[in-house]
Amino acid sequence: MMWQCPICDSVLYTPNDSVHRDNTWRCQQSHCFDVAKQGYVNLLPVQFKHSLDPGDDKSMVKAREVFLNNGHYEPLIQAIASDLQGRISQDKTYHLFDAGCGEGYYLRRLNQLLESHDITYYGNDISKNAVLRAAKQAHSMTANHQYIVASSYHLPVSKHSVDVLLQVFAPIPSTEALRILKRGGLWYQIVPNTLHLQEFKSLLYTNIQSHDPHQELDVNLINEFDVNFTLSLSSEEKAHLMAMTPYAHSATEDKRNACINSNSSLTIAFKVYVYQQFLMD
Ligand SMILES: C[S@@+](CC[C@H](N)C(=O)[O-])C[C@H]1O[C@@H](n2cnc3c(N)ncnc32)[C@H](O)[C@@H]1O
Ligand SMILES: [Zn+2]
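Here the residue index of a chain counts from 1 through its sequence in written order. Following the order in which they are written, the chains are lettered starting with A and the ligands numbered starting with 1. Under the rules for a predicted model, residues below a pLDDT of 70 receive no local features and side-chain atom pairs below 80 are neither given nor counted, while totals for whole chains, interfaces and linings still include all residues. Processing note: side-chain calculations cover all non-hydrogen atoms of the structure and skip hydrogens and water entirely.

Think of it in three bands: residues with accessible area under 20% of the maximum for their type are buried, residues over 50% are exposed, and the middle band is partly exposed, with areas taken using a 1.4 Å probe on protein chains only. Secondary structure elements are defined from DSSP: runs of H or I of at least 4 residues count as helices, runs of E of at least 2 residues count as strands, and each element is numbered from the N terminus. With 7 of 9 residues buried, helix α3 (residues 105-113) is to be regarded as a mostly interior element. Listed in full, the buried residues belonging to α3 are Y105, Y106, L107, R108, R109, L110 and N111.

As structure tokens, then:
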């Protein structure tokens, strides 16, 4: 996969493929980006930043890291891995990119579940806090992961260079997704379904609006499936789940506590869409 300079869009060379053997990524026009000591690269120039610390803050990232590493969303990653396994071969190499990867749980688990395949894993997030944790956790495990701070609205990735795109509860415009995907490349889009966390929603809102998560995209939809299960969580785990969702910010403390202290089990409902990039324009 080729990186692209976020300032001038020319090819960005990493230390492995450039003549420079230092820890800096450079483009032909000499724009330089240092590899941070945790192993990620910040490719979000200040002029593209709309706030000082965009994306999820440290406490949201930490809550998600603890919650996901406890395996609560394991059925989701198992379902994605098994669909993907049926579509890729062991004789080829693949570049898999997770847009808005957060602290990188899905990339780490895919790497473990698809160990017999030759896949390089990449992730971006606009939150530096998240990317730092993703790089740190992955690099203590393996070398075939690269993480960058960047917005999914302007990815520093060359066109048609990604085999598999993963999008888990994070934004990416379809134009950008289709630009970076190779011809015939796969795009896994995961969104919450109407019943997702209905027990929280019924305590938080008087009017629960049901919504159809599907958006019509000008791309081949080759598969779609539901991943539904229930979770029985301790109050502490419910607090983590609240902290990693938008409810954490919009709900009053009373309502949040009602969710955390209720003893009902929780409905988890996801929808997975699998798209395939067109083979030609
Ligand atoms: C709900 S979290 C999901 C994170 C991860 N995919 C997961 O499921 O664990 C949404 C993520 O999108 C990131 N995000 C929000 N806007 C973004 C943007 N414009 N570009 C890249 N990432 C963005 C947030 O920082 C956050 O990490
Ligand atoms: Zn440049």
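And the narrative resumes.
The subject of this paragraph is the sheet that holds strand β12 (residues 266-276). Any two strands with at least two DSSP-identified bridges between them are counted as paired. One open sheet accounts for 8 strands, arranged β5-β8-β7-β6-β9-β10-β12-β11; its pairing is mixed. Single-partner strands in this sheet number two, and they are β5 (40-42) and β11 (220-231). Between one strand axis and the next, the sheet turns through 20° on average, direction left out of account. Note: strand β6 (residues 93-99) against strand β9 (residues 162-168), 3 bridges, orientation parallel. In the strand pairing of β9, D98 is matched with L166. Contacts are assigned to residue pairs that have any heavy atoms within 4.5 Å of one another. Angles shown run from 0 to 180 degrees and are taken between the N-to-C directions of axes, each axis being a line fitted to C-alpha atoms and, for helices, limited to the stretch in contact. Most of the contacts of helix α4 (residues 128-139) go to strand β8 (residues 145-149), to which it runs at about 170°, and overall it touches β5, β7 (118-125) and β8.

Trans is the prevailing form of peptide bonds, just as negative phi is the prevailing case for residues other than glycine. Notably, D9 is not glycine yet its phi reads approximately 70°, a positive angle. Here D9 shows up in the loop between β1 (3-4) and β2 (11-13). Phi at H160 takes a positive value of approximately 50°, unusual for a residue other than glycine. Topologically, H160 is positioned in the loop between β8 and β9.

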